[in-house]
Amino acid sequence: MSDQLIFTYEIDGEDFTRAGEASSSVKNKLKMLGVDSDAIRKVAIAMYEGEINMVIHAKGGTITVAVSDDDITMVLADKGPGIPDIDKAMQEGYSTAREEVRSLGFGAGMGLPNMKRFTDEMKIDTVIGQGTTITMKVHL
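Residues numbered from 1 in each chain as written. Predicted model: local features only at pLDDT ≥ 70, side-chain atom pairs only at ≥ 80, totals over all residues. Heavy atoms only, no water.

Right, let's get into the packing of aromatic side chains. One pair of aromatic rings is described through two measures. These are the centre distance and the angle between the planes. According to the stated counting rule, one finds one aromatic pair in the structure shown. Their ring planes at 25° and their centres at 4.9 Å tell us that Phe16 and Phe106 sit as a pair that is stacked. On the criterion of sequence distance, the pair formed by Phe16 in the loop between strand 1 (5–12) and helix 1 (21–32) and Phe106 in the loop between helix 4 (99–103) and helix 5 (111–117) is long-range, its members being 90 residues apart. You can call Phe16 buried: its relative accessible area is 19%. (Phe/Tyr/Trp six-rings, centres within 6.5 Å; stacked < 30°, edge-to-face > 60°. Helix = DSSP H or I, 4+ residues; strand = E, 2+ residues; numbered from the N terminus. Buried < 20%, exposed > 50% of the residue type's maximum accessible area, 1.4 Å probe, protein only.)

Written as structure tokens, this is what we have:
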């Protein structure tokens, strides 16, 4: 695979029934491409967590996944409220999820920590009132 393959997904905010479809699709595509199963697992977990965060906090957004010989890059861009305190948001268990979201079993405060844990690189760019872009890489 010498060229980059790019997959783009629109994430529908507030639709928990479809949350996870993009990460599942990427997982299946990576399997078909013969990507290492450990890398697939990392990508699927990190992307799922990001996808759920986009539904919970940002009313959706766009995920772009680029697959190259060296790595898999996931860019999650939303137009949500932004993250006021990234250090606090990175703490396990810290959550700003609404009570109705928690009652569905989401919003435990593990999204960003798991995204970091299952990727080799993670960068968060956030502007209050404009949105957040998270770029994650898994090296192959």
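And the narrative resumes.
With that settled, the discussion passes to the pattern of salt bridges. In the structure shown here, the tally under the stated rule is seven salt bridges. A salt bridge links Arg117 to Glu92; the nearest nitrogen and oxygen atoms lie 2.1 Å apart. Separated by 25 residues along the polypeptide, Arg117 in helix 5 and Glu92 in the loop between helix 3 (86–89) and helix 4 bring together distant segments of the chain. A salt bridge links Glu100 to Arg98, with the nearest nitrogen and oxygen atoms 3.0 Å apart. Here the residues in one salt-bridge network are Asp38, Arg41 and Lys42, joined through shared partners. (Salt bridge = Lys/Arg side-chain N within 4 Å of Asp/Glu carboxyl O.)

Take a probe with the size of a water molecule and roll it over the atoms, and the empty space left behind shows itself. Estimated volume of the largest pocket: approximately 700 Å³. Surrounding the largest pocket, 34 residues form its lining, Asn53, Ile56, His57, Thr96 and Leu112 being those nearest its centre. Of all the elements in the fold, those that place two or more residues in the lining of the largest pocket are helix 2 (37–57), strand 3 (71–78), helix 5 and strand 5 (131–139). For the lining of the largest pocket, the leading source of residues is helix 2, giving eight residues. Split into classes, the residues belonging to the lining of the largest pocket amount to 19 nonpolar, 11 polar and four charged. (1 Å grid on protein atoms, 1.4 Å probe; cavity = no way out; pocket = protein on both sides within 12 Å on 5 of 7 lines; lining within 4 Å. Points joined across faces, edges and corners; volume = space filled by probe spheres on them. Nonpolar A, V, L, I, M, F, W, Y, C, P; charged D, E, K, R; others polar.)

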